[in-house]
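What follows is each chain in one-letter form.
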Amino acid sequence: TVALPRIAIAGGLLHAGCLWVLNTLDRSAILTNALGLAFVLDVDELIFKTLAPRRIVALQDHLEPLSLPVKSDDESCWAKLMRHRTVHKAIFVLAYLTFLMVTIVRGLYTRVDQAIAILCSGNQNFVV
């Protein structure tokens, strides 16, 4: 029951953050916007580490991850997938960025090319 809202929030942040970074035209601002997005994604952990009592933070840092139950001698399919979840996240983010580039940014470049064609066409021999 908690997983669905977390997935929805993460998906919304992914979409908004990717659009925000992709719509940046200046190269130096891309780095600033990417750092801002990283801050937004990590701010909850920063707040917890700052405001939570030291004992709770230390207790959480020393917690062992829960092991997934294995149905037989072989690892379950879910356990195999969870072992490589960082790779899966990276692949998903790259695929999503590619999708956004193809659908949104390509349209923006088409509009810019049209504007250049309109503004730079016609009689250009106006210098006296």
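Before any of the text, the structure's been laid out above.
Residues numbered from 1 in each chain as written. Predicted model: local features only at pLDDT ≥ 70, side-chain atom pairs only at ≥ 80, totals over all residues. Heavy atoms only, no water.

## Some remarks on the nonpolar core
Turning to step 1, where the next piece is worked out: Judged by nonpolar contacts, Leu 14, Cys 18, Leu 22, Tyr 96, Leu 100 and Val 105 together constitute the single largest core of six residues.
Turning to step 2, where the next piece is worked out: Secondary-structure elements contributing two or more residues to this core are helix H1 (3–22) and helix H5 (85–119). (Core = buried A, V, L, I, M, F, W, Y, C linked by side-chain atoms within 4.5 Å. Buried < 20%, exposed > 50% of the residue type's maximum accessible area, 1.4 Å probe, protein only. Helix = DSSP H or I, 4+ residues; strand = E, 2+ residues; numbered from the N terminus.)

## Digging into the pattern of salt bridges
Turning to step 1, where the next piece is worked out: For the coordinates displayed, the defined rule picks out one salt bridge.
Turning to step 2, where the next piece is worked out: Across the salt bridge formed by Lys 49 and Asp 61, the nearest N and O atoms sit 3.2 Å from each other. Residue Lys 49 is located in helix H2 (residues 27–51), and its partner Asp 61 is located in helix H3 (residues 54–61); the two are separated by twelve residues in the primary sequence.
Turning to step 3, where the next piece is worked out: For Lys 49, a relative accessible area of 46% gives the class partly exposed.
Turning to step 4, where the next piece is worked out: Taking relative accessible area as the criterion, Asp 61 reaches 46% and is therefore assigned partly exposed. (Salt bridge = Lys/Arg side-chain N within 4 Å of Asp/Glu carboxyl O.)

## Details of the environment of His 15
Turning to step 1, where the next piece is worked out: Take His 15: it is sitting in helix H1.
Turning to step 2, where the next piece is worked out: Separated by 82 residues in the primary sequence, His 15 and Leu 97 have C-alpha atoms spaced 9.0 Å apart.
Turning to step 3, where the next piece is worked out: Non-local contacts of His 15, meaning those with residues more than four positions away in its chain, are made with Tyr 96 and Leu 100. (Contact = heavy atoms within 4.5 Å.)

## Thoughts on the layout of surface pockets
Turning to step 1, where the next piece is worked out: The volume enclosed by the second largest pocket comes to roughly 260 Å³.
Turning to step 2, where the next piece is worked out: Together, Val 21, Leu 22, Asn 23, Thr 24, Leu 25, Ile 30, Met 101, Val 105, Leu 108, Tyr 109 and Val 112 line the second largest pocket.
Turning to step 3, where the next piece is worked out: Of all elements in the fold, only H1 and H5 reach the threshold of two or more residues within the lining of the second largest pocket.
Turning to step 4, where the next piece is worked out: A per-element tally of the lining of the second largest pocket places H5 first, with five residues.
Turning to step 5, where the next piece is worked out: Residues belonging to the lining of the second largest pocket are distributed by class as follows: nine nonpolar, two polar and no charged. (1 Å grid on protein atoms, 1.4 Å probe; cavity = no way out; pocket = protein on both sides within 12 Å on 5 of 7 lines; lining within 4 Å. Points joined across faces, edges and corners; volume = space filled by probe spheres on them. Nonpolar A, V, L, I, M, F, W, Y, C, P; charged D, E, K, R; others polar.)

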